[in-house]
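# Remarks on the overall topology
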Amino acid sequence: MHGFKKLLSIQNLQKELKIKFNEKCEAFLKAMYSSSSKIQINEELLSNESIQWSRVIKGKIKHAINFSTFRKAFKSDDISFVIIQRAYKTISKIFNLVYSDLIENDYHLKIWREGTKIILKKSDKLNYLISKTYRIITLLNCLNKVAEKIIAVQLSYTVEINDKLLNFDQMKGRKQRSAINAVLNLVHDAQMTKSWENTLICLLLNVKEVFDHVALKQLVKILIKLKILINLINWVKCFLQNRIIDLAFDDERQKSKKISTEISQDSSISLILFLIYIQYLFSKIRAKFGNLQSLSYIDDVTLYTEGRNIDKNVKMLKNAAKIAFTWAKNNAVQFNDLKSELIHFESHKTTLNQMIILLNNMIIKSKTCIWWLEVWLNWKLNFKVHMQTKIVTVTRTLHSLFRLMNSEWELNVKSGKQLYLACVTSISDYDVEIWWNNQKSYLVKFRKLQNAALRKILSAFWTSSIETMQIEVEILLMKMQLD
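Definitions and cut-offs
Positions within a chain are numbered from 1, following the residues in the order the chain's sequence is written. Per-residue local features are limited, in this predicted model, to residues with pLDDT of at least 70; the limit for side-chain atom pairs, both in listing and counting, is 80 or more; totals at the level of whole chains, interfaces and linings are taken over all residues. Computation of side-chain values covers all heavy atoms of the structure but excludes hydrogens and water. Between N-to-C directions, angles cover 0 to 180 degrees, with each direction set by a line fitted to C-alpha atoms, over the stretch in contact for helices. Helix and strand definitions follow DSSP, with helices as H or I runs of at least four residues and strands as E runs of at least two, each counted in order from the N terminus. These descriptions rest on fixed angle ranges, namely under 35 degrees for roughly parallel, over 145 for roughly antiparallel, 65 to 115 for roughly perpendicular, and the rest for oblique. Contact criterion: two residues are considered in contact whenever any of their non-hydrogen atoms come within 4.5 Å of each other. In this analysis, strands are considered paired if DSSP registers two or more bridges between them. Each pair of aromatic rings taken from Phe, Tyr and Trp, with Trp reduced to its six-membered ring, is defined by centres within 6.5 Å and is described as stacked if the planes are under 30 degrees apart, edge-to-face if over 60, and tilted in the remaining cases. For the exposure calls, accessible area comes from a 1.4 Å probe over protein chains only, and a residue counts as buried if that area is under 20% of its type's maximum, exposed if over 50%, partly exposed in between. The criterion for a charge sitting over a ring is simple: Lys NZ or Arg CZ within 6 Å of the ring centre, and within 35 degrees of the ring normal. Looking at any residue, its pLDDT shows the predictor's confidence there, from 0 to 100. Definitions for this section: a left-handed crossing has its near helix turned counterclockwise from the far helix by less than a right angle. A right-handed crossing has that turn clockwise. As a working rule, the residues Ala, Val, Leu, Ile, Met, Phe, Trp, Tyr, Cys and Pro are called nonpolar, Asp, Glu, Lys and Arg charged, and the rest polar, with Gly in that last group.

## Some details on the packing of helix 3 (residues 81–90) against helix 4 (residues 92–104)
Axis separation between helix 3 and helix 4 bottoms out at 5 Å; the angle between their running directions is 105 degrees. Relative to helix 4, the element helix 3 is oriented roughly perpendicular. Contact with helix 3, carried on its side by I84, A87, Y88 and T90, involves S92, F95 and N96 of helix 4 and no other residues of that element.

## Some remarks on the sheet that holds strand 12 (residues 341–345)
The strand order 5-10-11-6-12-14-13 describes an open sheet built from seven strands, whose pairing is mixed. Strands with a single pairing partner mark the edges of an open sheet, and in this sheet they are strand 5 (170–171) and strand 13 (355–357). Relative to strand 11 (residues 300–307), strand 6 (residues 199–206) runs antiparallel, the two sharing eight bridges. Paired with L200 across the strands is E306, a residue of strand 11.

## Brief notes about the packing of aromatic side chains
By the definition in use, this model includes 13 aromatic pairs. Between F28 and F249, the ring centres sit 5.6 Å apart and the planes meet at 70 degrees, which makes this aromatic pair edge-to-face. Linking F28 in helix 1 (residues 21–32) with F249 in strand 7 (residues 243–249), this pair joins segments that are 221 residues apart in sequence. Pairing W435 with W436 gives two aromatic rings, centres 6.1 Å apart and planes at 85 degrees, and the pair type is edge-to-face. Each member of the pair, W435 as well as W436, is classed as buried. The ring of Y128 carries K121 above its face, with NZ or CZ at 4.9 Å from the centroid. For K456, the ring lying beneath its charged end belongs to F402, and the centroid distance is 5.9 Å.

## Thoughts on the side chain of D169
Within the fold, D169 resides in the loop between helix 5 (142–161) and strand 5. For D169, a relative accessible area of 12% corresponds to the buried category. Ignoring any residue separated from it by four or fewer positions in sequence, one finds D169 in contact with N185, R286, S294, L295 and S296.

## Description of the confidence of the model for the protein
When the pLDDT values of the protein are averaged, the result is 84; 89% of them are 70 or greater. Taken as a whole, residues 35–48 scores under 50 in pLDDT and shows 19 contacts with residues more than four places along the chain or in a different chain.

## Side note on the packing of helix 7 (residues 216–225) against helix 8 (residues 230–240)
Orientation of helix 7 relative to helix 8, taken along the N-to-C sense of each, is 170 degrees, at an axis distance of 10 Å. Between helix 7 and helix 8, the angle falls in the class roughly antiparallel. The element helix 7 and its partner helix 8 pack so that their crossing is right-handed. Contacts from L216, L219, V220, L223 and I224 in helix 7 reach I233, V236, K237 and L240 in helix 8. Of the residues assigned to the contact of helix 7 with helix 8, the class counts are eight nonpolar, no polar and one charged.

## Observations regarding the environment of V432
Along the chain, the position of V432 falls in helix 13 (residues 432–435). It is 6.7 Å that separates the C-alpha atoms of V432 and L482, two residues lying 50 residues apart in sequence.

## Some details on the pairing of strand 14 (residues 363–367)
For strand 12 and strand 14, the ladder comprises two bridges, and the chain directions are parallel. Note that in strand 14 the partner of I343 across the bridge is K367. With three bridges connecting them, strand 13 and strand 14 associate as antiparallel partners. Bridged to I356 within strand 14 is I364. Between the end of strand 13 and the start of strand 14, which pair antiparallel, lie five residues, with N361 showing a positive phi angle near 70 degrees.

Below, the structure is given as structure tokens:
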């Protein structure tokens with residue numbers, strides 16, 4: 001903790017300045033955690049048709065241990081993943097027995113529910129008196145992380161084989177459903193709509209402070225309604241209740257304190273539980289509006305419809321937004337109004353004056369370009385803004401690499417190629433399946449950047465043959481790379 005500037009003061013929820021360490025701790029805790037009542041479960045709600053929960057087999061335990069990253073921070077018990085992995089090679093039977101019995105008997109050890117939270121400042125924030133301008137990093141027990149990973153894998157598998165648990169268009173936390181897949185779905189539907197000379201109208205909503213607004217009591221009710229096995233429901237209750245943390249900042253450490261928490265952002269199982277928590281939102285909207293499509297990527301919720309009657313479609317989205325906000329109010333979820341956006345994908349720029357008024361009287365005006373899941377999408381879907389941004393980023397990264405090559409140490413050809421592939425190509429190739437359609441103008445710009453990199457890696461003259469340098473460095477032609 002040494003070397004960090006101390007937090008002079010922090011505001012609590014009543015906007016009162018707190019200066020003493022204990023007072024600042026209380027302000028952080030009240031901002032991070034809401035009070036939670038004890039859960040009352042009516043087990044009669046459970047039917048004999050509960051979704052089956054697969055047994056924990058030793059292969060899953062072995063995978064969770066061996067594929068855990070060494071870079072994960074561990075708690076003060078000094079038991080890292082390296083130690084656990086080496087111990088597993090010697091006493092694997094004990095590990096398999098302990099994890100299997102604990103999970104199958106729906107119990108999470110108390111010591112695994114303890115953690116130290118480090119408070120760090122977020123960069124480029126204007127007002128550091130507000131608690132939300134700080135990043136919280138939790139140091140958890142590595143044995144606990146293994147248990148969470150096993151449950152996350154089990155639950156993800158259960159979700160994939162039972163289509164009733166999640167909607168098809170709920171992305172993230174599931175195999176082959178990344179941000180790229182979400183954007184591809186939207187772009188495909190928008191391009192098909194334009195080919196029919198229709199207009200696709202898209203409303204984008206953002207769930208505010210996603211993991212902080214999951215009511216544990218409501219989550220349990222949803223799990224019961226979905227007929228999840230009682231063992232898993234009891235494990236979730238045990239996992240989320242009676243947690244103990246201590247805060248560490250300003251070179252001081254708070255005494256351990258019991259907290260009432262909802263879903264923890266630091267847990268590997270939190271993501272899949274949140275997806276289950278919001279899945280009824282999409283079911284309600286689709287039950288009311290059968291022609292309306294939805295996409296979600298964690299906290300980014302997208303509602304869209306297509307047709308030639310613009311006013312009718314805007315009205316449909318407005319009513320769908322009312323359902324979404326009503327559902328959110330009843331389920332302790334909030335939407336971030338400042339991140340709500342509206343866009344029309346069409347062939348002719350005719351709908352800029354369209355708007356949607358939300359339940360809280362927030363006016364969402366139509367935009368010509370939006371930033372969604374790291375991709376710039378404009379009304380024409382020509383990706384002009386996105387490509388301008390990407391080329392600037394690639395150029396800046398390439399120049400940083402050139403400065404490193406010009407240093408007194410001088411990189412050899414092998415190291416130069418590795419850095420180029422890791423730092424530059426990873427940027428240019430990311431999301432290429434979304435925007436690449438054999439555009440000659442984009443190909444020329446990327447080819448120039450690649451040629452400059454080849455000359456620098458090989459310290460070649462400007463007139464050197466590009467084909468020869470590509471063979472020498474073993475880098476694909478830009479056209480083949482993009483294809």
